[in-house]
Amino acid sequence: RHLSNGTLRPDATYTITRDPNTQNEKNLLFFLEVDRATTPLTSHHHYNVQSKLAIYASYFDDRGYHELGPFNGFRVTILVPDDQRLHQIRQHLLTANFDFVLLAETSQIDPTLFTLPLWTTFTRQHVCLFGPIRGDKPGPPVPTSDVESSTNSRTYEESHSVIKDVYEATQH
């Protein structure tokens, strides 16, 4: 999907409804990137991970995501092939202070991808996509909105299927 700035093309864009049909219903906006470790992390002459994440940061600052709905923000979720690449990207996130990005290894693609703290922040905190985890353990400060519903919202299972399909499509 091309977003309004013309240069941002995530592998997938998805929304998930948290606490549907309740007073606490929230729609969460995510951009999925599947990293196969083929794009350089930084480069002065080529497309690279650092520059793509800077475009996401600009998209956030310019509130360009409002073209997708009445969201208060978004998260970029990046699936990486292994722990080494996760560490490399996390170092770049820390340097650039890109706290809107969550990382996970592709080996973790299953339904727990959404409900367990399998995602890693740039500060190495393990978090869940949906904010607070059962009990009193904190999750990520996921930007959300108070919109009542979204026809694009997905259940955990539907979103898992979308992520798995996007991942498999990028492997060919």
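Within any chain, residue numbers begin from 1 and follow the written order of that chain's sequence. Residues qualify for local features only when their pLDDT is at least 70, as the model is predicted, and side-chain atom pairs are given and counted only at 80 or more; totals for whole chains, interfaces and linings, by contrast, use all residues. With hydrogens and water excluded, all non-hydrogen atoms of the structure serve as input to the side-chain values.

**Student:** Could you clarify how one ought to interpret the overall build of the chain in this entry?
**Tutor:** Only DSSP runs of H or I covering at least 4 residues are called helices, and only runs of E covering at least 2 are called strands; the numbering of each starts at the N terminus. The helix and strand tally for the chain stands at four helices and seven strands. Counting from the amino terminus, helix and strand elements in the chain follow one another as β-β-α-β-α-β-α-β-β-β-α. When burial is assessed residue by residue, the chain has 47% of its 172 residues classed as buried. Taking as baseline every contact in the chain between residues at least 6 positions apart, the subset at least 24 positions apart corresponds to 60%. Throughout this description, buried means an accessible area under 20% of the type-specific maximum (1.4 Å probe, protein chains only), exposed means over 50%, and partly exposed covers the range between. In this analysis, two residues are considered to be in contact whenever any of their non-hydrogen atoms come within 4.5 Å of each other.

**Student:** Just to check I follow, could you spell out the nonpolar core for this structure?
**Tutor:** As a rule of thumb, soluble globular proteins bury nonpolar side chains together. Core analysis: the biggest nonpolar cluster contains 24 residues, and Leu53, Phe74, Val76 and Val101 have the highest contact counts within it. At the level of elements, strand 2 (26-34), helix 1 (49-61), strand 3 (75-80), helix 2 (83-96) and strand 4 (101-105) are the ones that each hand at least two residues to this core. The dominant element in this core, judged by the number of residues it contributes, is helix 1, at five residues. Side-chain atoms within 4.5 Å link the members of a nonpolar core, which is a set of buried Ala, Val, Leu, Ile, Met, Phe, Trp, Tyr and Cys residues. One finds Tyr14, Phe30, Leu32 and Val34 within the second-largest nonpolar core, a separate group that totals 14 residues.

**Student:** Where do I start with the side chain of threonine 77 in this structure?
**Tutor:** The topology assignment puts threonine 77 in strand 3. Excluding residues within four positions of it along the chain, threonine 77 makes contact with Tyr14, Phe30, Phe31, Leu32, Glu33, Leu102, Trp119 and Leu129.

**Student:** What is the right way to read the pairing of strand 4 from this model?
**Tutor:** Along any regular strand, the residues point their side chains to alternate faces of the sheet. Along strand 4, four of the five residues are buried, which leaves the element largely enclosed by surrounding structure. When DSSP finds two or more bridges between two strands, those strands count as paired. Of the pairings in the sheet, the one linking strand 3 to strand 4 comprises five bridges and is parallel in character. The partner of leucine 79 across the bridge, within strand 4, is alanine 104.

**Student:** How should the confidence of the model for the chain be read in this particular structure?
**Tutor:** Low pLDDT marks stretches whose predicted atomic positions should not be read closely. Chain-level statistics for the chain give a pLDDT mean of 74 and a share of 68% at 70 or above. No element of the chain has a lower mean pLDDT than strand 7 (residues 153-154), at 44, and none a higher one than strand 3, at 93. Residue-level confidence of the predictor is summarised by pLDDT, bounded by 0 at the bottom and 100 at the top.

**Student:** Where do I start with the pairing of strand 3 in this structure?
**Tutor:** Burial analysis of strand 3 places six of its six residues in the buried class, which makes it a mostly covered element. Side-chain alternation along strand 3 places Arg75, Thr77 and Leu79 on one buried face and Val76, Ile78 and Val80 on a second face that is also buried. Bridge count between strand 2 and strand 3: five bridges; the pairing is parallel. Looking at the pairing, valine 34 lines up with leucine 79 of strand 3. Crossover handedness for the path strand 2 to helix 1 to strand 3: right-handed. In terms of handedness, the path from strand 3 via helix 2 over to strand 4 forms a crossover that is right-handed. Look down the strands so they point away from you; if going from the first strand over the helix to the second traces a clockwise path, that crossover is right-handed.

**Student:** For this particular structure, what's the right way to read the pattern of salt bridges?
**Tutor:** Proximity of charged atoms lets side chains of opposite charge pair with each other. Any carboxyl oxygen of Asp or Glu that lies within 4 Å of a side-chain nitrogen of Lys or Arg is treated as forming a salt bridge with it. Enumeration according to the criterion identifies two salt bridges in this entry. Between glutamate 33 and lysine 52 there is a salt bridge, with the nearest N and O atoms lying 3.0 Å from each other. Remark: lysine 52 occurs in helix 1 and glutamate 33 occurs in strand 2; sequence separation between them is 19 residues. Each member of the pair, glutamate 33 together with lysine 52, is buried. Of the charged contacts in the structure, one is a salt bridge between aspartate 35 and arginine 85, with a shortest N-O distance of 2.7 Å. A residue pair is termed long-range when its members are at least 10 positions apart, and aspartate 35 in the loop between strand 2 and helix 1 and arginine 85 in helix 2 qualify at 50 residues. Neither aspartate 35 nor arginine 85 differs from the other in exposure class; each is buried.

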